[in-house]
Amino acid sequence: MSLHITSANKGFGGWTKHYSHHSDLLNCDMRFAIYLPPQTAQGQKVPVIYYLSGLTCTDENFVQKAGAQRLAAELGVALVAPDTSPRGEDVADANAYDLGQGAGFYVNATEAPWNRHYQMYDYVLHELPKLVEETFPVTDQRSIFGHSMGGHGALVLVLRNPERYKSVSAFSPICNPVNCPWGEKAFSAYLGEDRKTWEAYDASLLMRGAKGGPPALVDQGEADDFLVEQLRPEALDAAAEASGYPLALRRHEGYDHSYYFISSFVNDHMRFHAEHLGH
């Protein structure tokens, strides 16, 4: 699988690079960003922390706004941020910010026309890590985090595949998508009207039935405009209490849904993952 570099910026002794590649799984070209810390230039292989962005975002938002590269360089970990959906002229889209391109929801779509391209769950779980691990000086030790729709994706990926990740965290995740407008809209389009099939992508339902798993950290701003209607962290908290899942849910007065919030606590998440990755 050939990679095409589209930009490269040096920072903190390492490099933030953006690549495009053809995805056989998604049947289109995809983009991702990677930060390679300075240790990789010295011949070391480092573990990888994946970051999944939220609605309307691309592979650029996190690496430009979160300010995670400085600590990644100190900790000796790589960061990988994929795009949030398939894109292209022949890729299905909708005239809405919360469906279609930029809103893949990290599911494997089963309904036409979405199923031709929208297989983001398998892309993040299998295709992208395989490409990263075959191409760059990294190990197969992985952790994952994300924001909003990406927080939903990170939690679901780990809860369904606990053996593949050392830890998971999220900023303002969509915790119970089967019971919120964003989730209901996306899931009915991508997965069909049988709500039973939606449960495979609901972090709260998955956590309620989990028999342990990688440790989870969730941060939620109390001034988040989407808190009550869309995010529903209380459902995730109740699920963890019911199953005994190792979840730390922290609420922060005054913080909203933006990257101001993410950048305020991203170092906590980086250290959390580095600890469980053995770095």
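Report on the accompanying structure. Given the structure is predicted, the values throughout are model-derived calculations rather than measurements.

**Quick notes on the environment of leucine 277**
Here's step 1: Tracing the sequence through the fold places leucine 277 in the segment after helix 10 (259–276).
Here's step 2: Between the C-alpha atom of leucine 277 and that of glutamine 141, which follows or precedes it by 136 residues, the distance is 6.7 Å.

**Let's talk about unusual backbone geometry**
Here's step 1: In the segment running from alanine 112 into proline 113, the intervening peptide bond is cis, with an omega of 0 degrees.
Here's step 2: Position of proline 113 among the secondary structure elements: in the loop between strand 5 (78–82) and helix 3 (120–135).
Here's step 3: Positioned with a positive phi, threonine 56 is a non-glycine residue whose angle comes to about 75 degrees.
Here's step 4: If you trace the backbone, threonine 56 turns up in the loop between strand 4 (46–52) and helix 1 (61–65).
Here's step 5: Residue class for threonine 56 comes out exposed when judged on its relative accessible area of 52%.
Here's step 6: Its identity is not glycine, yet serine 148 carries a phi of approximately 60 degrees, on the positive side.
Here's step 7: Position of serine 148 among the secondary structure elements: in the loop between strand 6 (138–147) and helix 4 (149–160).

**Quick look at the sheet that holds strand 5**
Here's step 1: Spatial strand order, 1-2-3-5-4-6-7-8-9: 9 strands in an open sheet with mixed pairing. Two strands in the sheet have a free side with no partner beyond their single neighbour: strand 1 (3–11) and strand 9 (247–252). When strand polarity is set aside, the average angle formed by the axes of neighbouring strands in this sheet is 20 degrees.
Here's step 2: Here strand 4 pairs with strand 5 via 3 bridges, running parallel. Opposite tyrosine 50, over in strand 5, you have valine 80 as the bridge partner.
Here's step 3: Set on the sheet, helix 9 (residues 233–243) makes contact with strand 8 (216–221) and strand 9; between it and strand 9 the angle comes to about 150 degrees.
Here's step 4: Sheet contacts for helix 10: strand 4, strand 5, strand 6, strand 7 (168–171), strand 8 and strand 9; angle to strand 7, the most-contacted strand, approximately 170 degrees.

Quick notes on the rules
- Residue numbering note: each chain is counted from 1, following its sequence as written.
- Residue-level local features of this predicted model are given only where pLDDT is at least 70; pairs of side-chain atoms are given and counted only at 80 or more, and the full residue set underlies all totals for whole chains, interfaces and linings.
- Only hydrogens and water are set aside when side-chain values are computed; all heavy atoms of the structure are taken into account.
- Segments assigned H or I by DSSP are reported as helices when at least four residues long, segments assigned E as strands when at least two residues long, and all are numbered from the N terminus.
- Using a 1.4 Å probe on the protein chains alone, a residue whose accessible area is under 20% of its type maximum counts as buried, one over 50% counts as exposed, and one in between counts as partly exposed.
- Between any two strands, at least two bridges found by DSSP are needed for them to pair.
- To get an axis, a line is fitted to the C-alpha atoms, and for a helix only the part in contact is used. The angle between two axes follows their N-to-C directions and goes from 0 to 180 degrees.
- The contact criterion used throughout is that any non-hydrogen atoms of two residues lie within 4.5 Å.

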